[in-house]
Amino acid sequence: MASMTFDASVYAKRRQMAADLVKQRGLSGLVIGTGAEFAYLTGSWASSHERLTALVISADGARVVAPMTDLLSLGLDGADDVEVIGWRDGENPYRLVADSLPDGPVGLGSSLTADHVFALQALLPRTDLAETEVAELFMVKDAAELEQLEAAGRAIDRVHERAAELLQPGRTEREVAAELNALILEEHETVAFVIVGSGPNGSNPHHDFSDRVLEEGDPVVVDLGGALPSGYQSDCTRTHVVGGRNKAKPDFLEAYDALERAFQAACDAARPGITAGELDAVARGVLEEAGYGEWFTHRLGHGIGLSGHEQPFIIAGSDVILREGMAFSIEPGIYKPGEWGMRIEDIVTLTATGMKTFNTTRRDLDAARG
């Protein structure tokens, strides 16, 4: 993925917001490992494998501790305000992190692996998981980020428009998935996942694909995602019936009608001020009233950005208040054990008065057949 998607001033502003958050939360600093959080704050997707590379943010500024072997590939050219501290094999990088922070509790980013966490805990007086604090920085997307997510939505829509024609009797899920993988790469830089769940395989929400042969009348869950060069992600699900809607069994069509109602009810309810738990309850209530509540086995949605799954999570019981500019999935599903599954998923963002979807492919069972 490319570094520095936005102007250097954007990342400087984000790091200042992080420094302000450090002060507000009474922390001495944040330690962020490589990955989406690091990229959000620096523009760099650098990786140093098992060696520690960390962004350290305190009230007085930001620095990166990184192995000498990777200094020339950090991709921090536009971050002139970030001090880079290199370390050689045999030195203790965790001591460099600890020495760069004032006394007090330190927040650790969610991408740091256990070996790094334990080594830091041995040197720091107190550490806490800073997932919530870091999420506060990126849950609300700015205009440029929303443009990227909208572009990602259009990209995956173009793939979905060609998906149904691939679902022919006699083909395997694996054959279809291989073609979808290639189509995603025509529109994205990388493939995040491909799910082709036909017949009983569709009752597993996280089935990927298998050698099962498609049969006429099979419901097929097609869930696709990829990343643009900027790192911003797409994620969209449509459900099809091999041979068309008229080949589906009556019980499936009745359930799909309820699923569409649940999806639309959630879209209509999505607006600033509602909590994530309340929004989940809207869709769940429709499915429970229709008799499918026990077969809706996952949360209604998840945030999306540089990570495919990030906060806010639209989940039962969450008191996170949804705000304008947040972007997340709305994806109710029904999964009849051992028989079939179905899911509808769009990525949406909240506007001042409601929501806007980034996915516009039709949601009927014959979508893409025209």
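Residues numbered from 1 in each chain as written. Predicted model: local features only at pLDDT ≥ 70, side-chain atom pairs only at ≥ 80, totals over all residues. Heavy atoms only, no water.

As annotated in an unreviewed UniProt entry, the chain carries the name Xaa-Pro peptidase family protein and comes from Corynebacterium coyleae.

Caption draft 1: The UniProt feature "domain: Peptidase M24" (unreviewed entry) in the chain, seen in detail. The UniProt feature table records "domain: Peptidase M24" (unreviewed entry) at residues 147-351. Taken as a whole, residues 147-351 contains 31% helix and 24% strand, while its terminal C-alpha atoms sit 14 Å from one another. (UniProt positions renumbered as here; feature names shortened; annotations may be inferred. Helix = DSSP H or I, 4+ residues; strand = E, 2+ residues; numbered from the N terminus.)

Caption draft 2: Representation of the packing of helix α1 (residues 8-24) against helix α5 (residues 131-138) in the model. Look at α1 against α5: their axes get within 10 Å of each other, and the N-to-C directions meet at 140°. If you check the angle between α1 and α5, you find them oblique. Considering the relative orientation of α1 and α5, their crossing is right-handed. Contacts between α1 and α5 involve Met17, Ala18 and Leu21 from the former and Glu133, Glu136 and Leu137 from the latter. (Axes fitted to C-alpha atoms, helices over the stretch in contact; angles between N-to-C directions. Parallel < 35°, antiparallel > 145°, perpendicular 65-115°, else oblique. Left-handed = near helix turned anticlockwise from the far one by under 90°. Contact = heavy atoms within 4.5 Å.)

Caption draft 3: Highlighting the sheet that holds strand β8 (residues 219-227). Within the open sheet, the three strands sit side by side as β7-β8-β9. Their pairing is antiparallel. For this open sheet the edge positions go to β7 (190-198) and β9 (236-241), each flanked by a neighbour on one side alone. The sheet shows a mean angle of 15° between the axes of neighbouring strands, taken without regard to direction. As judged from the six bridges shared by β8 and β9, these two strands associate in the antiparallel manner. Following the sheet pairing, Val221 is matched in β9 by Thr239. (Pairing = 2+ DSSP bridges.)

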